[in-house]
Amino acid sequence: MNELLTGAITGILFGFLLQKAQVIRYDKQLAALRLLDMTIVKFMLTNILVAMVGIYLLYDLGMVKLSIKETILGGNILGGLIFGIGWGIVGYCPATAMGALGEGRYDSIFALAGMVFGAAIFAEAFPLMKRTVLTWGDFGKLTLPGLLGIHHWIVIVVLVAAFIGLFVWFEKKGL
């Protein structure tokens, strides 16, 4: 029950932050897809930074165990294409669709219905995909620190610096 409560609290907090950052607005979604407004990109990179630092800090303290998934290019490429096309068509990703619904934007119901329909299609197609697409480019369990042969905090510090540099560049460009 504690895990459910933690998930509910963090989900509500994440939704609140999505709304406060205005990343669930359709004009922000469209501007991000057109590379005219980097608000959503900055929000996503901030989430990646916080999660990366937090997870590895908890890992180093022995409070969590990492479960690295296999790197399968076929599945990643196909999934990314489907996700991107869906985002481009409806203007929402799963989190922003839920946030928009919470704001009372009922057009997001169509996006959410499409996601449920897509999940059902995936479930039906999974046995075939397991023998085909999900075997293409299977590189096993990879991490950037593992590939580079360096400690994970070195990678984290470099990425934090790179992301901050990117944020500064976005701000200078007015994005």
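Rules used throughout
- Residues numbered from 1 in each chain as written.
- Predicted model: local features only at pLDDT ≥ 70, side-chain atom pairs only at ≥ 80, totals over all residues.
- Heavy atoms only, no water.
- Core = buried A, V, L, I, M, F, W, Y, C linked by side-chain atoms within 4.5 Å.
- Buried < 20%, exposed > 50% of the residue type's maximum accessible area, 1.4 Å probe, protein only.
- Helix = DSSP H or I, 4+ residues; strand = E, 2+ residues; numbered from the N terminus.
- Contact = heavy atoms within 4.5 Å.
- 1 Å grid on protein atoms, 1.4 Å probe; cavity = no way out; pocket = protein on both sides within 12 Å on 5 of 7 lines; lining within 4 Å.
- Points joined across faces, edges and corners; volume = space filled by probe spheres on them.
- Nonpolar A, V, L, I, M, F, W, Y, C, P; charged D, E, K, R; others polar.
- Salt bridge = Lys/Arg side-chain N within 4 Å of Asp/Glu carboxyl O.
- Expected span 1.5 Å × (residues − 1).
- Bend = angle between axes of the 7 residues up to and from the residue.
- pLDDT = per-residue confidence, 0-100.

Next up on the list: the nonpolar core. In terms of nonpolar packing, the biggest core is built from seven residues, these being Leu45, Leu49, Met52, Tyr56, Ile156, Phe163 and Phe167. Within the residue set of this core, elements represented by two or more residues are helix H3 (39–60) and helix H8 (152–173). Ranked by residues supplied to this core, first place goes to H3 with four residues. If we skip the residues at most four places from it in the chain, Tyr56 touches Leu66, His152, Trp153 and Ile156. Counting six residues, the second-largest nonpolar core is a separate cluster that includes Val23, Ile24, Ile40 and Phe43.

With that settled, consider the layout of surface pockets. One number sums up the size of the largest pocket: a volume of about 530 Å³. Considering the residues around the largest pocket, the lining is formed by 22 residues, among which Ile82, Phe83, Gly114, Met115 and Gly118 are closest to the centre. Those elements giving two or more residues to the lining of the largest pocket turn out to be helix H4 (73–90) and helix H6 (108–131). Ranked by the residues each element gives to the lining of the largest pocket, the list is headed by H6, at 10 residues. Looking at the lining of the largest pocket residue by residue, the classes come out as 17 nonpolar, five polar and no charged.

This next bit is on the pattern of salt bridges. Scanning all chains against the criterion turns up four salt bridges. Notably, a salt bridge pairs Glu103 with Arg105, separated by 2.7 Å at the nearest N-O pair. For Glu103, a relative accessible area of 34% corresponds to the partly exposed category. Looking at Arg105, the relative accessible area reads 26%, which means it is partly exposed.

Under the 1.5 Å per step criterion, the end-to-end length of H6 is 34 Å for 24 residues, consistent within 8% with the ideal 34 Å. Within H6, the axis deviates most sharply at Ala125, by approximately 55 degrees, and proline Pro127 lies no more than four positions further along. Those residues of H6 that fall on the buried side of the exposure criterion are Ser108, Ala111, Leu112 and Met129. Looking at the buried positions of H6, the neighbouring elements they touch are H4 and helix H5 (94–102).

Across the protein chain, the average pLDDT comes to 92, with 100% of residues at 70 or higher. Taken element by element, the protein chain is modelled with least confidence in helix H2 (residues 26–33), mean pLDDT 85, and with most confidence in H8, mean pLDDT 95.

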